[in-house]
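Chains, contacts and geometry: an overview
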Amino acid sequence: MPVSVDLDGLDGLSRSERIAVLRRRISGAAGPAAASPAAPVTSTATAPVLEPVPTAAQRPTRPVLPVPSALSALLPEGGLARGSVVAVSGAGSLLTGILASVTASGRHAAVIGMPRLGLLAAAEMGAQLHRLALVPDPGSDPVEVAAVLLDGIDLVVLGLGGSAVPPSRARAVVARARAKGATLVVTDGRWDGAELTLSARVDGYDGPGSGDRRGRGRVRAVRLGVEVQGRAIRPRTGRLVVASAGEGVEWSTARESGPTMTALSS
């Protein structure tokens, strides 16, 4: 039978003093038998059965927002986890592809503080522009605009314009994203504490000829080097290809075939 212990009178005591007082009260509440040594008792009760620790494959996974299929293999959960903050930097194709995947899936996205976003490129990747809200000039407090939009938008992309967000402010927005089940992507600035960081660089181009025609011809694809880092994962890298396909653009994993032009370092 559980023992009821009075917790009054513990204020102002140190941790060790509180433990000593609680032990005396437990002993007194349990009766004289508990205060004096007793002969060992052999218990016939069955030892409690401990539940096995679930493996990574058995742990419940969070709902995610979709990304291009070639990129999903690099992400620990196959997409952007709802309720998380993700930092994206480098080649703009990466962010454009994420926006295209999210809106093409029937979900809604908003982009704040990025007046030069490539809407044509997004549409060619399959973006549904009627599900994309744009706030090119959010005023003096773009972080507050993002916090408001997290209430009803699946994916909010926040361009920081080179600024840094104080950690205390960032934590408040992270808590809001988690509570609303929305995903915040930050770019072009500093945001400490992002769950994932995705960076992309242009590694080369497919299409220009070789030999006498080296460097000539139409570019058919852009090769991207992508790196994924996170608090709970080892860094992951991969090479992806963004290539024209009919009237659209497709993502795939890079294969070393055909003429390739190497991108010059900036």
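Just so we're clear, the structure is a prediction, and the values are computed from it rather than from any experiment. (Residues numbered from 1 in each chain as written. Predicted model: local features only at pLDDT ≥ 70, side-chain atom pairs only at ≥ 80, totals over all residues. Heavy atoms only, no water.)

A closer look at the nonpolar core
Soluble globular proteins tend to bury their nonpolar side chains together. Ranked by internal contacts, the top residues of the largest apolar core, which has 35 residues, are Leu71, Leu80, Leu155 and Leu198. For this core, the secondary structure elements donating two or more residues are helix 3 (69-72), strand 3 (85-90), helix 4 (92-104), strand 4 (109-112), strand 6 (155-159), strand 10 (196-206), strand 11 (221-230) and strand 12 (233-245). The element contributing the most residues to this core is helix 4, with 6 residues. For leucine 71, the residues in contact, after removing those within four places along its chain, are Leu94, Ile98, Val226 and Leu240. The next biggest cluster of nonpolar side chains, apart from the first, holds 21 residues, and it includes Val156, Leu160, Val174 and Ala194. (Core = buried A, V, L, I, M, F, W, Y, C linked by side-chain atoms within 4.5 Å. Buried < 20%, exposed > 50% of the residue type's maximum accessible area, 1.4 Å probe, protein only. Helix = DSSP H or I, 4+ residues; strand = E, 2+ residues; numbered from the N terminus. Contact = heavy atoms within 4.5 Å.)

Considering the pairing of strand 5 (residues 132-135)
Where strand 4 meets strand 5, 4 bridges bridge the pair, whose relative direction is parallel. Opposite isoleucine 112, over in strand 5, you have valine 135 as the bridge partner. (Pairing = 2+ DSSP bridges.)

Focus on helix 6 (residues 142-149)
An α-helix turns once every 3.6 residues. As a result, residues three or four positions apart point the same way. Among all positions in helix 6, only Pro142, Val143, Ala146 and Ala147 are buried. Buried residues of helix 6, seen end-on, are gathered within an arc of 145 degrees and therefore sit on one face of the element. Elements that come into contact with the buried residues of helix 6 comprise strand 4, strand 6, strand 7 (164-165), helix 7 (167-180) and strand 8 (183-187). (Arc of directions from axis to C-beta.)

A word on unusual backbone geometry
One non-glycine residue, aspartate 188, adopts positive backbone phi at about 60 degrees. Assignment of secondary structure puts aspartate 188 in the loop between strand 8 and strand 9 (190-191).

A few points about the pattern of salt bridges
For the structure shown, the criterion picks out 10 salt bridges. Across the pair glutamate 77 and arginine 62 runs a salt bridge whose closest N-O atoms are separated by 2.4 Å. Pair noted here: glutamate 77 is in the loop between helix 3 and strand 2 (80-81) and arginine 62 is in the loop between helix 2 (32-35) and strand 1 (64-65), with a separation of 15 residues, a long-range link. Note that glutamate 144 is salt-bridged to arginine 169, the shortest N-O span being 3.7 Å. (Salt bridge = Lys/Arg side-chain N within 4 Å of Asp/Glu carboxyl O.)

Some thoughts on the side chain of aspartate 154
For aspartate 154, the location among the structural elements is in the loop between helix 6 and strand 6. When its relative accessible area of 17% is taken as the criterion, aspartate 154 is described as buried. A distance of 2.9 Å separates the side chain of aspartate 154 from the backbone nitrogen of histidine 108, its partner in a polar contact. Residues in contact with aspartate 154, not counting those within four places in the same chain, are Leu65, Arg82, Arg107, His108, Ala182 and Thr183. (Polar contact = N/O pair within 3.5 Å; in protein donor to acceptor, adjacent residues only side chain to side chain.)

With respect to the pairing of strand 6
Counting buried residues along strand 6, 5 of its 5 residues qualify, which places the element largely inside the surrounding structure. The alternating pattern of strand 6 places Leu155, Val157 and Gly159 and Val156 and Leu158 on opposite faces, both of which are buried. Summarising the sheet, strand 4 and strand 6 pair through 4 bridges and their orientation is parallel. Bridge assignment links valine 111 to a residue of strand 6, and that residue is valine 157. Sheet topology places strand 6 next to strand 8; 5 bridges connect them, and they run parallel. Within strand 8, the residue paired with glycine 159 across the bridge is threonine 187.

Let's talk about the confidence of the model for the chain
Residues with a pLDDT of 70 or more make up 70% of the chain, whose mean pLDDT is 79. Mean pLDDT in the chain bottoms out at helix 2, which sits at 40, and peaks at strand 8, which reaches 98. In the model, residues 1-7 has pLDDT below 50 throughout and makes 8 contacts with residues more than four positions away in sequence or in other chains. This stretch, residues 257-266, has a pLDDT under 50; its non-local contacts, to residues over four places away or in other chains, come to 20 contacts. (pLDDT = per-residue confidence, 0-100.)

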